[in-house]
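Chain by chain, the residues:
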Amino acid sequence: MTPALKNAYDAEMAAAINAYRQGRLVRSFGHLETAHVLGQRHVLPHVITHWWMLKIGLKRRSLNEAAGQAVRIVLGALGSAVGIVPTGNTGGTNVGMFKRMPIDRELQDLMR
């Protein structure tokens with residue numbers, strides 16, 4: 001991970017965790033989606049993002065989100081490890097696990 005990409009990922013994660021601690025779960029999840037796009041090619045950032053999405057699913061008492069995130073933690077780690085990830089996927093259960101999605105230009109620049 002380049003320093004610029006790591007800084008952007010870390011900033012999104014910090015904002016997500018801060019919002020989570022304030023009970024602002026929608027805002028937190030939005031930051032996690034951005035962090036997911038930035039970090040999904042790297043095992044640890046990918047897993048950490050899904051872990052926090054799982055925490056939000058549990059906090060919301062959403063069985064669908066929690067179960068989906070538990071699966072994504074395992075498959076995401078494997079996918080990142082072997083270099084097979086659905087580029088641009090935001091990581092929530094509202095999106096198919098293998099669906100590729102367009103990436104904002106600003107994020108694309110960071111990911112190069």
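A brief report on the enclosed structure follows. (Residues numbered from 1 in each chain as written. Predicted model: local features only at pLDDT ≥ 70, side-chain atom pairs only at ≥ 80, totals over all residues. Heavy atoms only, no water.)

**Focus: the overall build of the protein chain**
- Each helix and strand in the protein chain was counted, giving five helices and zero strands.
- Start at the N end of the protein chain and walk to the C end: the helices and strands fall as α-α-α-α-α.
- Taken over the C-alpha trace, the protein chain has a radius of gyration of 13 Å; the compact-globule value for 112 residues is 13 Å, and the two agree within 12%.
- Viewed in the frame of its principal axes, the protein chain has a C-alpha envelope of about 35 × 25 × 20 Å.
- Taken over 112 residues, the protein chain has a buried fraction of 43%.
- Across the protein chain, the fraction of contacts at a sequence separation of at least 24, relative to all contacts at a separation of at least 6, is 57%.
- Each charge class in the protein chain can be summarised by its mean position, and for the 14 positive and 7 negative side chains these summaries are 7 Å apart. (Helix = DSSP H or I, 4+ residues; strand = E, 2+ residues; numbered from the N terminus. Rg over C-alpha atoms; globule rule 2.2 N^0.38 Å. Buried < 20%, exposed > 50% of the residue type's maximum accessible area, 1.4 Å probe, protein only. Contact = heavy atoms within 4.5 Å. Lys, Arg positive; Asp, Glu negative; His and termini not counted. Charge placed at Lys NZ, Arg CZ, Asp CG, Glu CD.)

**Focus: the packing of helix α1 (residues 3-21) against helix α2 (residues 25-39)**
- Contact pair α1 / α2: the axes reach a minimum separation of 8 Å and the direction vectors enclose 160 degrees. Considering their axes alone, α1 and α2 lie roughly antiparallel with respect to each other. For the pair α1 and α2, the sense of crossing is left-handed. For the pair α1 and α2, contact is made by Leu5, Ala8, Tyr9, Glu12, Met13, Ala15, Ala16, Ala19 and Tyr20 and by Leu25, Arg27, Ser28, His31, Leu32, Thr34, Ala35, Leu38 and Gly39, respectively.
- Class assignment for the residues of the contact of α1 with α2 results in twelve nonpolar, four polar and two charged. (Axes fitted to C-alpha atoms, helices over the stretch in contact; angles between N-to-C directions. Parallel < 35°, antiparallel > 145°, perpendicular 65-115°, else oblique. Left-handed = near helix turned anticlockwise from the far one by under 90°. Nonpolar A, V, L, I, M, F, W, Y, C, P; charged D, E, K, R; others polar.)

**Considering the side chain of Gln40**
- With respect to the helices and strands, Gln40 occurs in the loop between α2 and α3 (43-59).
- Residues contacting Gln40, with those up to four places away along its chain left out, are His46, Ser80, Val85, Pro86, Thr87, Gly88 and Asn89.

**Some words on the environment of Leu58**
- Looking at where Leu58 falls in the secondary structure, it is placed in helix α3.
- Taking relative accessible area as the criterion, Leu58 reaches 54% and is therefore assigned exposed.
- The spatial distance from the C-alpha of Leu58 to the C-alpha of Lys99 is 24 Å, given a sequence separation of 41 residues.

**Overview of the environment of Gly83**
- Residue placement: Gly83 occurs in the loop between α4 (63-82) and α5 (105-111).
- Sequence spacing of Gly83 and Gln40 is 43 residues, and the spatial spacing of their C-alpha atoms is 9.5 Å.

**As for the nonpolar core**
- Ranked by size, the top nonpolar core spans 19 residues in total, and within it Met13, Leu32, Leu38, Trp52, Ile56 and Met111 carry the most contacts.
- Listed by contribution, the elements that provide at least two residues to this core are α1, α2, α3 and α5.
- The element that contributes the greatest number of residues to this core is α1, accounting for seven residues.
- Apart from residues lying up to four places away in sequence, Met13 is in contact with Leu32, Ala35, Ile48, Thr49 and Trp52. (Core = buried A, V, L, I, M, F, W, Y, C linked by side-chain atoms within 4.5 Å.)

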